[in-house]
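Listed below, chain by chain, are the residues.
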Amino acid sequence: MPQASSLLPLAFWGLLLSAGAALAEQAYVSNEKDNTLSIIDLKTLQVVDTLEVGMRPRGITFSNDYSKLYICASDSDAVQVFDVASKRVVANLPSGEDPEQFALHPNNRLLYISNEDNAIVTVVDTEARDVVAQIEVGIEPEGMAVSPDGRWVVNTSETSNMLHWIDSTTNELVDNTLVDQRPRHVEFSHKGDTLWASSEIGGTVTIINVDDRSVRKVLQFRIPGVHRDRIQPVGIQLTRDDRYAFIALGPSNHVAVVDVKTLEVIKYLLVGQRVWHLALNSDESLLLTTNGVSGDVSVVDVKKLQVVKSIKVGRYPWGVAIKP
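Sequence order sets the numbering: in each chain, residues are counted from 1 along the sequence as written. Note on the predicted model: pLDDT of at least 70 is required for a residue's local features to be given, and 80 or more for side-chain atom pairs to be given and counted; whole-chain, interface and lining totals, by contrast, use all residues. The side-chain quantities take in all heavy atoms of the structure and omit both hydrogens and water.

(A) Highlighting the pattern of salt bridges. Salt bridges are defined as contacts in which a side-chain nitrogen from Lys or Arg sits within 4 Å of a carboxyl oxygen from Asp or Glu. Tallied over the full model, the rule gives 17 salt bridges. A salt bridge links Arg-315 to Asp-34; its shortest N-O distance comes to 2.6 Å. Of the two residues, Arg-315 is situated in the loop between β27 (306-312) and β28 (317-323) and Asp-34 in the loop between β1 (26-31) and β2 (36-41); the sequence distance between them amounts to 281 residues. Here the salt bridges do not stand alone but share partners, grouping Glu-142, Glu-158, Arg-182, Arg-184, Glu-200 and Arg-274 into one network. Only DSSP runs of H or I covering at least 4 residues are called helices, and only runs of E covering at least 2 are called strands; the numbering of each starts at the N terminus.

Dropping the structure here:
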């Protein structure tokens, strides 16, 4: 009969495996037609849970400690607070009508929400659960970003074709930048020196110098065999080392890979149908894309710049956020 000491290594291995499973990264995907979240285990690349939330969930983002997930439930006219530990919605924030996208301030407290129907940005204190301010912007606001230093809040207005620069200390709109038709998403670089803005109908991405708000470059895209009208940029993700920018190109079913130093497209990746948004995992080895029409998530190996898997989720996946 084996001694008790000889069983200890097996026990320790079991504990390590259990800990590894518990610490596996998870991707949360909002399915706007099913009113659900799909949770994907990034170790197995499989859906491990599907949870009901509010109506037409779109933008999603985690709190800084990943204990809460904020959900834009557009048709419920609410930003829902989802408790990650209990896997349930625990509160609704006073978000204004038809929240589309939002951005969390680095202070982990203020949430800036675009309200498409009312042409305003609503600022909510997530701890007090109160509206701090409402700022008038252009027609059909959608995209939202906060600079890494917390100074600037930028909102896009789809019909006005503008980026609106809001001073976070005063909650006042201080400047506007005209871009191409139907700007949908904005993303600051990790250093905060540039802002990337996608224009869906214009088919371009405008890169702006934050210090003087001048345009550095306007990116255009050409995919062999794809009509230019189908190239409609939406989501943008930049790597922390400023090596790559990944841009979701909508009904072209491709993601553009941009060399950030040269600001040139170096590759197009074929993904699912109607790619909306993207997210990188914590070590940036994987990129996930939400593909609305095909109802799946494409997984990209960032080192190889290759799509390695397609994961079926709910109907019309829209947003994606990853929990380490």
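(B) Spotlight on the sheet that holds strand β9 (residues 110-115). In short, DSSP must find at least two bridges between two strands for them to pair. Taking strand neighbours across the sheet as the criterion, the 4 strands line up as β8-β9-β10-β11 in an open arrangement whose pairing is antiparallel. Because the sheet does not close on itself, it has two edges, and the strands there are β8 (99-104) and β11 (130-136). Within this sheet the neighbouring strands show an average axis-to-axis angle of 25°, counted without direction. Where strand β10 (residues 120-125) meets β11, 6 bridges bridge the pair, whose relative direction is antiparallel. Within β11, the position partnered with Val-124 by the bridge is Val-131. Lines fitted to C-alpha atoms define the axes, with helix axes restricted to the stretch in contact, and inter-axis angles between N-to-C directions lie between 0 and 180 degrees.

(C) Broad picture of the environment of Thr-239. Among the structural elements, Thr-239 can be located in the loop between β20 (236-238) and β21 (244-248). Counting along the chain gives 40 residues from Thr-239 to Ala-279, while the straight-line C-alpha distance between them is 10.0 Å. Not counting the four nearest positions on each side in its chain, Thr-239 is found in contact with His-190, Tyr-244, Phe-246, Leu-280 and Glu-284. What makes two residues a contact is simply this: any of their non-hydrogen atoms within 4.5 Å.

(D) Quick look at the sheet that holds strand β17 (residues 194-199). As summarised here, the arrangement of the 4 strands in space is β16-β17-β18-β19, forming an open sheet in which the pairing is antiparallel. One side of each edge strand has no neighbouring strand; the edge strands of this open sheet are β16 (183-188) and β19 (214-220). The average angle at which neighbouring strand axes cross in this sheet is 20°, direction not considered. Where β17 and strand β18 (residues 204-209) come together, 6 bridges link them in antiparallel fashion. Each residue of the ladder has a partner; that of Leu-195, found in β18, is Ile-208.

(E) Region of the structure containing a negative patch on the surface. For patch detection, residues must exceed 30% relative accessible area and be free of salt bridges, and they are connected within 9 Å for like charges or within 5 Å for nonpolar side chains (Val, Leu, Ile, Met, Phe, Trp, Tyr). Here, Shrake-Rupley sampling with a 1.4 Å probe gives the accessible areas, and only protein chains in the shown set may cover a residue. Charge counting follows a simple rule: Lys and Arg are positive, Asp and Glu are negative, and His as well as the terminal groups are ignored. The atoms used to mark charge sites are NZ of Lys, CZ of Arg, CG of Asp and CD of Glu. There is a patch of like negative charges on the surface, built from Asp-75, Asp-77, Glu-97 and Asp-117. Locating Glu-97 in the fold gives a position in the loop between β7 (88-93) and β8.

(F) Region of interest: the packing of aromatic side chains. By convention, a stacked pair of Phe, Tyr or Trp rings (six-membered ring in the case of Trp) has centres within 6.5 Å and planes under 30 degrees apart, an edge-to-face pair has planes over 60 apart, and any other such pair is tilted. Taken as a whole, this structure holds 6 aromatic pairs when the rule is applied. Over a ring means this: the NZ of a Lys or the CZ of an Arg is within 6 Å of the ring centre and within 35 degrees of the ring normal. Here the guanidinium or amino end of Lys-33 rests over the ring plane of Tyr-316, the centre of that ring lying 5.3 Å away. The lysine or arginine in question, Arg-274, covers the ring of Trp-276, its NZ or CZ lying 4.1 Å from the ring centre.

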